[in-house]
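Working through the structure, step by step
Here is how the chains run, residue by residue.
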Amino acid sequence: DTGVSQDPRHKITKRGQNVTFRCDPISEHNRLYWYRQTLGQGPEFLTYFQNEAQLEKSRLLSDRFSAERPKGSFSTLEIQRTEQGDSAMYLCASSPGTNHYEQYFGPGTRLTVT
Amino acid sequence: AQSVTQLGSHVSVSEGALVLLRCNYSSSVPPYLFWYVQYPNQGLQLLLKYTSAATLVKGINGFEAEFKKSETSFHLTKPSAHMSDAAEYFCAVSVGDGNKLVFGAGTILRVKS
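Presented here is an overview of the structure given in this document. Residues take numbers from 1 onward in each chain, read along the sequence in its written order. Chains and ligands are labelled sequentially in the order written, the chains with letters from A and the ligands with numbers from 1. For a predicted model such as this one, the threshold for reporting local features is a pLDDT of at least 70, and the threshold for listing and counting side-chain atom pairs is 80 or more; totals across whole chains, interfaces and linings nevertheless cover every residue. Excluded from the side-chain calculation are hydrogens and water; included are all heavy atoms of the structure.

**Comments concerning the nonpolar core**
- The definition of a nonpolar core used throughout is a set of buried Ala, Val, Leu, Ile, Met, Phe, Trp, Tyr and Cys residues joined through side-chain atoms within 4.5 Å. Note on classification: 1.4 Å probe, protein chains only; a residue is buried when its accessible area is under 20% of the maximum for its type, exposed when over 50%, partly exposed between these limits. Ranked by internal contacts, the top residues of the largest apolar core, which has 27 residues, are B:Trp35, B:Leu48, B:Phe74, B:Leu76 and B:Tyr89.
- Broken down by element, this core gets its largest block of residues, five residues, from strand β9 (residues 87–95) of chain B.
- Pairs of residues are marked as contacts when any of their non-hydrogen atoms sit within 4.5 Å. Not counting the four nearest positions on each side in its chain, B:Phe74 is found in contact with B:Cys23, B:Leu33, B:Phe34, B:Trp35, B:Leu48, B:Tyr50, B:Val57, B:Ala65, B:Glu66 and B:Phe67.
- With 19 residues, the next largest nonpolar core counts A:Leu46, A:Ile79, A:Ala88 and A:Cys92 among its residues. Numbering goes from the N terminus for both helices and strands, where a helix is a DSSP run of H or I of at least four residues and a strand is a run of E of at least two.

**Quick notes on the pattern of salt bridges**
- Put simply, a salt bridge is a Lys or Arg side-chain nitrogen that is within 4 Å of an Asp or Glu carboxyl oxygen. On inspection of all chains with the given rule, the structure shows seven salt bridges over all chains.
- Between A:Glu56 and B:Lys100 there is a salt bridge, with its nearest N and O atoms 2.8 Å apart. With A:Glu56 in strand β6 (residues 53–57) and B:Lys100 in strand β10 (residues 100–103), this pair bridges two chains.
- One salt bridge connects B:Glu64 with B:Lys58, and the closest N-O pair in it is separated by 2.8 Å.
- We classify B:Lys58 as exposed; its relative accessible area is 63%.
- Via salt bridges that share partners, A:Arg64, A:Glu83 and A:Asp86 belong to a single interconnected network.

**Re the sheet that holds strand β1 (residues 3–7) of chain B**
Residues and elements named next belong to chain B.
- The five strands are arranged β1-β3-β8-β7-β6 in an open sheet whose pairing can be described as antiparallel. Lying at the two open borders of the sheet, with one neighbouring strand each, are β1 and β6 (56–58). Neighbour-to-neighbour, the strand axes of the sheet open up by a mean angle of 20 degrees, direction not taken into account.
- Pairing between strand β7 (residues 64–68) and strand β8 (residues 73–78): five bridges, direction antiparallel. Across the sheet, lysine 68 pairs through a bridge with serine 73, a residue of β8. Here, any two strands with at least 2 DSSP bridges between them count as paired. For helices, the axis comes from a line fit to the C-alpha atoms of the stretch in contact; other axes are also lines fit to C-alpha atoms, and the angle between any two N-to-C directions lies between 0 and 180 degrees.

**Some remarks on the pairing of strand β3 (residues 19–26) of chain B**
Residues and elements named next belong to chain B.
- Burial along β3 is one-sided: the residues Val19, Leu21, Cys23 and Tyr25 are buried and none of Leu20, Arg22, Asn24 and Ser26 is.
- The pairing of β1 with β3 spans five bridges and is classified as antiparallel. The partner of glutamine 6 across the bridge, within β3, is cysteine 23.
- Pairing between β3 and β8: four bridges, direction antiparallel. When the sheet's bridge partners are listed, asparagine 24 is paired in β8 with serine 73.

**Concerning the side chain of A:Ser94**
- Considering the arrangement of structural elements, one finds A:Ser94 in strand β9 (residues 88–95).
- Every residue in contact with A:Ser94, bar those within four places of it in the chain, is listed here: A:Val4, A:Pro25, A:Ile26, A:His29, A:Arg31, A:Leu32, A:Glu102, A:Gln103 and A:Tyr104.

**Comments concerning the pairing of strand β5 (residues 44–50) of chain A**
Residues and elements named next belong to chain A.
- β5 sits mainly inside the fold: six of its seven residues count as buried.
- Note: strand β4 (residues 31–37) against β5, six bridges, orientation antiparallel. What sits directly across from tyrosine 35, in β5, is phenylalanine 45.
- Turn length for the β4-β5 hairpin, with the two strands adjacent in sequence and antiparallel, is six residues, and the turn residue glycine 40 shows positive phi of about 80 degrees.
- Note that β5 and β6 share four bridges and pair antiparallel. Looking at β6, one finds that glutamine 50 is bridged to alanine 53.
- Joining the antiparallel neighbours β5 and β6 is a turn of two residues, in which asparagine 51 adopts a positive phi near 55 degrees.

In structure tokens, the structure reads:
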């Protein structure tokens, strides 16, 4: 059990550029979640996957955001045409099952849009 | 809608003193509740969880929390604060079929020597 990993840890980009983040969950965890955390706030849910199926998306996830989890393993979160308001910590978490199991979080990717 | 409220955005205690971080929840169904800790520039680490078994839940690092349905509370306590406990603490409730977590705004714990 190597834990949830995220890459990159930090990303600085200019407004209007596209960025992609990667999350590798704990192996055999079939649920994977993305959250966004802004300064001074708790994490907010963005979307989650059950294996390769994306089952729920928050209203926070505008059409500039897209997430995938091919083959039910790692996941990517892409933000197109970044805006300064996208600056935040993006957290990934995985969970072993459906019975309100705890979620294990990665270290996060801090995005700064200049 | 299910939600949590954390009372006090900042709490300061002396080393060795009792730690009490407050969390109240709102839920129309039996809740599943969690406490997480976050150190600067890191992800969240699970401290403990309540899943309708025992109302007093023991977690890591000497923390525990008591579920009180009548008060809709799930306060986090530790008998004796240590300098290493300084961090931000989040209370969360699991919501819906997807078990997504809804978090409170967090409480920053400061431990004075």
